[in-house]
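Given next are the chains, with one letter for each unit.
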Amino acid sequence: MTKPRPELTARREFLIGAGALAGMSLMPLAGCAKSDKLRVGLMLPYTGTYAQLGVAIENGFRLALADQDGKLGGREVEYFKVDDESNPAKATDNANEIITRDKVDVLIGTVHSGVAMGMIKVAREAGTLVLIPNAGANAATGELCSPNIFRTSFSNWQPTHPLGKVMVENGHKKAVFITWNYGAGQQAAESFSEGYTAAGGSVAKQMFVPFPNVEFQALLTEIAAIKPDAVACFFAGGGAVKFVKDYAAAGLKDKIPLYGSGFLTEGVLGAQGEAAEGLLTTLHYADSLDTPQNRAFRTAYLDAYSAQADVYAVQGYDTALLLQKALEQTGGDIGKRDAVIAAMEGAVIDSPRGQWTMSRAHNPIQDFYLRRVENGDNKVVGVAWKALEDPARGCNM
Amino acid sequence: MDTYTFLIQLLNGIQYGLLLFLVASGLTLIFGIMGVINLSHGSFYMVGAYLAWSLSQHLGSFWIALPTGIVLSVALGMLLEWLFIKHLYRRDHLQQVLLTYGLILIFSELRSILWGDDVHSVAVPALLAGSIPLTEMLSYPVYRLWLSLVCVILAGLMYYLIQHTKLGMMIRAGASNREMTQSLGINIDVLYRSVFALGVALAAFAGMIAAPVSSVFPGMGNQVLIVCFVVVVIGGIGSVKGAMAAALLIGLVDTFGKVVEVEIGGLRILPELAGMSIYVFMAIVLLWRPEGLLVRRQH
């Protein structure tokens, strides 16, 4: 096989490009308002620590469209992707690029809360419809809430809130909360102590580890000196693996039960191994949820991507479901802004995670499950909190 | 804090400090002897941890993975020196920073291609898997104690190598005057290649033996790199002894910064600002001794 000479290909590409450009300039005359493809922007991390989360979200989104030949509300979809690298410093530029240059009809993003905040600022000014498939920053559906901004995942307030009730029910009335000292960690700590105190527990101490430091030994020693009834925590990824293993290695696991928001054991159970056995966590999803929707979803995901679906894939999937509901109502016309927003506000999503609805501030009202790690799997023990709604503080919508 | 807890925290601090020394010693060695600022040092730490993980999976034992990993990292160090680093000796630090920063990106991409972006963990070898009970609540993992012991032994070996062997003498000579050493008939290229490989192997070895306690994840190299630079700067750039002193101090400052409560004028300073403690400490040391604790006098 002979390869075309590079300069020839380059020239050919240039000519094609020039032709396309000439064609495009004629397009407005032809009038292409509705026959056009739906422009969907994906602003997600495709490199860096959260790369896998970005991929899982996109996979989930595309899977939901697979039944409709990849269409949304009967319209073909054109994707515009930008890798946000989970870098808050580039968030405004990236969001600007995808909103003003690519002129997307709807923007789906992102994973990192800091990046999401930058993105939301741009989207609020431009009025672009935004669906957040992960980032939990409370403000997105709190003081920064806006008619054009929706979230299909959770607020940071939600996952740690039900923990307190569960712990008091298990007879643990004095607890230490430990997390990383950054936005999501602080919001998790606040919501935990709110829920725990309300349930009748008392927080002996809140410990904050500098982010993203993973040297926990000093604080584990302090926990042993305080001797609380239980410890609750918020960690994810590499830090979650190390904390759970260190906690067990320090001999604390059998003496002081460890609780956490579900991110503690999402996607890292293999690495945590024996040390994670018996951990109790709360989250809006569990792989082992025994519902027809979840079974079907997991099988389809495995078939399509040869990988196990996780909570992030579910969130991406639900983002597409929500958009689908809205576009079905308007016959595929995303320009009918008020109708689209009203449809999303009223949507009831039959998700693999269970049925959920939108709150007044556009954050899911959803069940939180209590899960116990058994044989390297998050087994559902029960529902820790039915239809938990974020208080949406500061939202005047 | 009662005395017993205080002693345990002291142990925590020293243990953390010794591990820091192991990583930082390679960095300070490469700078002190070759004059190269090696930003990719953290990547070698990460490579070591991933090697420990993948080799112990393939070879079935941590104890076989360890020597194999050392051989591979020495080879990697030699290759890198031959390909890239040797062109840097006569160039200014900015170019060194640029190239070694490029290496960080390359290693992180290679890691992603070879091993993926997952978090992994390496099982503590059965021999050292136990824990020693310290209080009724707390026990201390035997592996961590072993880790400290290995660091102390390595520090001793390095001291002996540099101060009391012929190779060490050549290294010291090469560090103080490259041309003169060369004219005495010592093959400086081979010498530098060995020193660089030693530095890489030290970082990779630290990553390997830290892997069972620290889990293996993509950003681990960059995290350690910053602390290592703090250690090297406080210790006096290029001084291995200084790095030892600085690493222990940083270990203690970091540990106690997280647990001691300090209030100034009703404002809680510690542990709220624990993340800053080592940097504040560095600033204080540098105000007192701008060249670091122990600085090698070359001129």
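Note that the structure is predicted; figures quoted are calculated from it, not measured.

Q: So what exactly am I meant to see when it comes to the sheet that holds strand E1 (residues 38-44) of chain A here?
A: Pairing between the strands of a sheet is mediated by backbone hydrogen bonds and can be parallel or antiparallel. All names here are of chain A. Strands sit in the order E2-E1-E3-E4-E5 across an open sheet of five strands; the sheet is parallel. Both edges of this open sheet fall to strand E2 (77-83) and strand E5 (149-151), since each of them pairs with a single strand only. The average angle at which neighbouring strand axes cross in this sheet is 20°, direction not considered. Across three bridges, the pairing between E1 and strand E3 (residues 106-108) is parallel. Bridge pairing in E3 places Gly41 opposite Leu107.

Q: Even after reading the chapter, I still don't get the side chain of Ser73 of chain B, so can you show me in this structure?
A: Looking at the secondary structure, you find Ser73 of chain B in helix H3 (residues 62-83). A distance of 3.0 Å separates a polar side-chain atom of Ser73 of chain B from the backbone oxygen of Ile70 of chain B.

Q: Please explain the state of the cysteines as it appears in this structure.
A: A covalent bond bridging the sulfur atoms of two cysteines is what the word disulfide describes. Residues and elements named next belong to chain A. Under the counting rule described, the total for this entry stands at one disulfide over all chains. Two residues, Cys145 and Cys395, share a disulfide whose sulfurs are 2.1 Å apart. Handedness of the Cys145-Cys395 disulfide follows from its S-S torsion of about 85°: it is right-handed. Here Cys395 lies in the segment after strand E14 (377-388) and Cys145 lies in the loop between strand E4 (129-132) and E5, a separation of 250 residues in the sequence. A relative accessible area of 7% means that Cys395 is categorised as buried.

Q: Is there a simple way to think about the pattern of salt bridges in this case?
A: Side chains that carry opposite charge are capable of pairing whenever their charged atoms lie near each other. Residue and element names in this part refer to chain A. The tally for this structure, following the rule as stated, stands at 23 salt bridges over all chains. A salt bridge links Lys242 to Asp246, with the shortest nitrogen-to-oxygen separation between them at 2.8 Å. Here the residue Lys242 and the residue Asp246 both occupy positions in helix H8 (residues 237-249), the gap between them amounting to four residues, near one helical turn. Judged by relative accessible area, Asp246 falls into the buried class, the value being 4%. For Glu266, the salt bridge identified is with Arg371, shortest N-O distance 3.0 Å. With Glu266 in the loop between strand E9 (258-261) and helix H9 (269-272) and Arg371 in strand E13 (residues 364-374), this pair connects stretches of sequence that are 105 residues apart. As far as the burial class goes, Glu266 and Arg371 line up, both buried.

Q: How should the interface of chain B and chain A be read in this particular structure?
A: As a measure of interface size, the accessible area lost when the parts come together is often cited. Chain B puts 33 residues into the contact, and the matching count from chain A is 33 residues. Both faces considered, chain B and chain A share a buried interface measuring about 2,800 Å² in area, 55% of it formed by carbon and sulfur atoms. One can count four salt bridges joining chain B with chain A. For Lys205 of chain A, the salt bridge identified is with Glu261 of chain B, shortest N-O distance 2.9 Å. Put simply, chain B and chain A have 15 residue pairs in polar contact (both at pLDDT 80 or more) between them. Listing elements by their share of the side of chain B that touches chain A, those giving two or more residues are helix H1 (3-34), strand E2 (139-141), helix H8 (188-214) and helix H10 (240-259) of chain B. With five residues, H1 of chain B is the largest single contributor of residues to the side of chain B that touches chain A.

Q: Would you mind showing me how to read the packing of aromatic side chains here?
A: What describes a pair of aromatic rings is the distance from one ring centre to the other and the angle between the planes of the rings. Across all of its chains, the model carries 24 aromatic pairs over all chains by this definition. With a centroid separation of 5.6 Å and an interplanar angle of 80°, the aromatic rings of Phe44 of chain B and Phe107 of chain B are classed as edge-to-face. Of this pair, Phe44 of chain B sits in helix H2 (residues 41-59) while Phe107 of chain B sits in helix H4 (residues 93-115); the two residues are 63 residues apart in sequence, bridging distant segments of the chain. Residue class for Phe44 of chain B comes out buried when judged on its relative accessible area of 1%. Look at Phe107 of chain B and you get buried, because its relative accessible area is 8%. One aromatic cluster in this structure is built from Trp180, Tyr182, Phe216, Phe235, Phe243 and Tyr247 of chain A. The positively charged end of Lys165 of chain A is found above the aromatic ring belonging to Trp385 of chain A, 4.9 Å away from the centroid.

Basis of the calculations
Residues numbered from 1 in each chain as written. Chains lettered and ligands numbered in written order. Predicted model: local features only at pLDDT ≥ 70, side-chain atom pairs only at ≥ 80, totals over all residues. Heavy atoms only, no water. Pairing = 2+ DSSP bridges. Helix = DSSP H or I, 4+ residues; strand = E, 2+ residues; numbered from the N terminus. Axes fitted to C-alpha atoms, helices over the stretch in contact; angles between N-to-C directions. Polar contact = N/O pair within 3.5 Å; in protein donor to acceptor, adjacent residues only side chain to side chain. Disulfide = S-S within 2.5 Å. Buried < 20%, exposed > 50% of the residue type's maximum accessible area, 1.4 Å probe, protein only. Salt bridge = Lys/Arg side-chain N within 4 Å of Asp/Glu carboxyl O. Contact = heavy atoms within 4.5 Å. Buried area = accessible area lost by both parts, 1.4 Å probe. Phe/Tyr/Trp six-rings, centres within 6.5 Å; stacked < 30°, edge-to-face > 60°. Lys NZ or Arg CZ within 6 Å of the ring centre and 35° of its normal.

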